[in-house]
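A look at the structure
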Amino acid sequence: KNQVEQSPQSLIILEGKNCTLQCNYTVSPFSNLRWYKQDTGRGPVSLTIMTFSENTKSNGRYTATLDADTKQSSLHITASQLSDSASYICVVSGGGSYIPTFGRGTSLIVHP
Amino acid sequence: SAVISQKPSRDICQRGTSLTIQCQVDSQVTMMFWYRQQPGQSLTLIATANQGSEATYESGFVIDKFPISRPNLTFSTLTVSNMSPEDSSIYLCSVLGSNEKLFFGSGTQLSVL
């Protein structure tokens, strides 16, 4: 069964600090992995997308890594800002279906 | 990229009524998806909307409760019928663009009293 597990479920950090979110998946065969940011009450917005051959991809203060061998990904947020408070969702495509598999998300709260 | 206009952005509805959510895409797309996101949960696929044919529903979702229209390649509607408080959720439409990139509408936050 295709699954995507994210940790931690929630995280509270102080403004300016760094943090790392984790994503483990069992989707096989693997096609791509995406990280989305979802503000409360809004639709998800894409941060990064990585294919099998990519290990790292950055988007401003967001850096995603992918280890396709261990089926793990991480999203590192540098110098957090209050506007980073959101849910971060890991989405993996593949597994013989065009329908992607969603993680439950990590809820990040950045305190001033 | 694809830009999706979804409306309404939010609504408060009475039990037993129905609400139709619309999604307009700025380009022609083959695959359009409707998701539900209950509080604190991840996105759950309701159905895949196909142009010119009936939508394909996932397990646990039926056409009588969530009728979908897809009259052309840029537009789709999802109706939440005979609503109950359990239907309170965020509803999202999504399209699959080039390079398998998923684009989402801004969501419809539905509260049923």
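Above this text sits the structure in question.
Here is what the cut-offs are and how they apply
In every chain, residue numbers begin from 1 and rise along the written sequence. By the order in which they are written, chains take letters starting at A while ligands take numbers starting at 1. Reporting in this predicted model follows two pLDDT cut-offs: at least 70 for local features of residues, and 80 or more for side-chain atom pairs to be given and counted; totals over whole chains, interfaces and linings ignore these cut-offs and use all residues. Side-chain numbers come from the whole structure's heavy atoms, not from hydrogens or water. Note: two strands are recorded as paired if DSSP finds a minimum of 2 bridges between them. Put simply, DSSP marks the helices as runs of H or I at least four residues long and the strands as runs of E at least two long, and each gets a number from the N terminus on. Where helices are involved, their axes are fitted lines through C-alpha atoms of the stretch in contact, as for all axes, and angles between N-to-C directions lie from 0 to 180°. Three labels apply to residues, based on accessible area from a 1.4 Å probe with only protein chains included: buried if under 20% of the type maximum, exposed if over 50%, partly exposed otherwise in between. Any Lys or Arg side-chain nitrogen located within 4 Å of an Asp or Glu carboxyl oxygen qualifies as a salt bridge.

Sheets are built from strands that pair by backbone hydrogen bonding, the pairs being arranged parallel or antiparallel. Residue and element names in this part refer to chain A. Ordered by their spatial adjacency, 5 strands build an open sheet running 1-3-8-7-6, and the pairing between neighbours is antiparallel. The open sheet terminates on both sides in strands that have one partner only, identified here as strand 1 (4-7) and strand 6 (56-59). Taking each pair of neighbouring strands and ignoring which way they run, the sheet shows an average axis angle of 15°. The pairing of strand 6 with strand 7 (residues 62-67) spans 4 bridges and is antiparallel. Residue threonine 56 lies in a different strand from strand 7, and its bridge partner there is threonine 65.

With that settled, consider the sheet that holds strand 3 (residues 19-25) of chain B. Residues and elements named next belong to chain B. The antiparallel open sheet is built from 4 strands, whose spatial order is 1-3-8-7. A single partner strand is all that each edge strand has here, and the edge strands are strand 1 (4-7) and strand 7 (68-72). Across the sheet, the mean angle from the axis of one strand to that of its neighbour is 15°, orientation sign disregarded.

Before going further, it helps to examine the pairing of strand 4 (residues 32-37) of chain B. On a regular strand, one side chain projects to one face of the sheet and the next to the other, so that they alternate. Residues and elements named next belong to chain B. Along strand 4, 6 of the 6 residues are buried, which leaves the element largely enclosed by surrounding structure. Here strand 4 shows a buried face lined by Met32, Trp34 and Arg36 and a second buried face lined by Phe33, Tyr35 and Gln37. In this sheet, strand 5 (residues 44-49) lies alongside strand 4 in antiparallel orientation, the contact comprising 5 bridges. For methionine 32, the partnering residue across the bridge sits in strand 5 and is alanine 49.

On to the pattern of salt bridges. Going through the model one piece at a time under the given rule, you end up with 3 salt bridges over all chains. A salt bridge links aspartate 84 of chain A to arginine 61 of chain A, with the shortest nitrogen-to-oxygen separation between them at 2.8 Å. A residue pair is termed long-range when its members are at least 10 positions apart, and aspartate 84 of chain A in the loop between strand 8 (72-77) and strand 9 (86-94) and arginine 61 of chain A in the loop between strand 6 and strand 7 qualify at 23 residues. Aspartate 87 of chain B is the salt-bridge partner of lysine 65 of chain B, the closest N and O atoms lying 2.6 Å from each other. Here aspartate 87 of chain B lies in the loop between strand 8 (75-80) and strand 9 (89-96) and lysine 65 of chain B lies in the loop between strand 6 (56-57) and strand 7, a separation of 22 residues in the sequence.

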